[in-house]
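Okay, here's what each chain looks like letter by letter:
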Amino acid sequence: MKISHRWAVAVRCPVCALTDIASMTSDDVVDTVQRLPEGFKIVKTALGDVIYCAVCNRPASTLPIDP
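As the structure is a computational prediction, the values presented were derived from the model and not from experiment.

S.K.: Go over the environment of Cys53 with me, naming the residues and quoting the values.
M.R.: By secondary structure assignment, the location of Cys53 is in strand β5 (residues 48-53). Given the relative accessible area of 0%, Cys53 is considered buried. Put simply, Cys53 and Thr19 are 34 residues apart on the chain and 9.6 Å apart in space, counted from C-alpha to C-alpha. Beyond its immediate stretch of four places on either side in the chain, Cys53 contacts Cys13, Cys16, Leu18, Gly39, Phe40, Lys41 and Arg58.

Right under this line is the structure:
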C-alpha cells in the first residue's frame, strides 16, 4: 500500500521578496513539488532539489504551512 502526504509551502526570495505558495507531495521515498509558483524554479543539487528565485537566482526561503 502506497501512502502519500500533501502540504503547502510558503516560498520567499530573500533578495527581491517575491512570495507565493508551492504544493508538495511525499511518498515513502521522496518529496515532490506538485505546483511551483511563477517566478521560482527547481535546481537539482547533490543534497536534492532546491527551490530558487528565477529572477535573482538565489535559494528561496521555505516555510511549511500547517493547516
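S.K.: Could you give me a rundown of unusual backbone geometry, with the residues and numbers involved?
M.R.: Not every positive phi belongs to a glycine, and Ala17 is a case in point at roughly 65 degrees. Residue placement: Ala17 occurs in the loop between β1 (5-12) and β2 (19-26). Here the phi dihedral of Asn57 falls at roughly 55 degrees; this positive angle occurs in a residue that is not glycine. On the accessibility criterion, Asn57 (44% relative accessible area) is partly exposed.

S.K.: Kindly report on the sheet that holds strand β6 (residues 61-65), identifying the contributing residues and their values.
M.R.: Ordered by their spatial adjacency, four strands build an open sheet running β3-β2-β1-β6, and the pairing between neighbours is antiparallel. Each edge of the open sheet is held by one strand with a lone partner, namely β3 (31-35) and β6. Neighbour-to-neighbour, the strand axes of the sheet open up by a mean angle of 40 degrees, direction not taken into account. Note: β2 against β3, four bridges, orientation antiparallel. Counterpart to Met24 in the pairing with β3 is Val33.

Conventions and cut-offs
Per chain, the residues get numbers from 1 upward, laid out in the order the sequence is written. For this predicted model, a pLDDT threshold of at least 70 governs which residues receive local features, and a threshold of 80 or more governs which side-chain atom pairs are given and counted, while totals over whole chains, interfaces and linings are taken from all residues. Just so you know, side-chain values use all the structure's heavy atoms and leave hydrogens and water out. The helix count covers DSSP runs of H or I at least four residues long, the strand count covers runs of E at least two residues long, and both are numbered beginning at the N terminus. Any residue under 20% of the maximum accessible area for its type is buried, any over 50% is exposed, and the rest in between are partly exposed; the area is computed with a 1.4 Å probe on protein chains only. Whether two residues are in contact is decided by their heavy atoms: any pair within 4.5 Å suffices. Only when DSSP finds a minimum of two bridges between them are two strands counted as paired. All axes here are fitted lines through C-alpha atoms, helices being fitted over the stretch that makes contact, and every angle between N-to-C directions spans 0 to 180 degrees.

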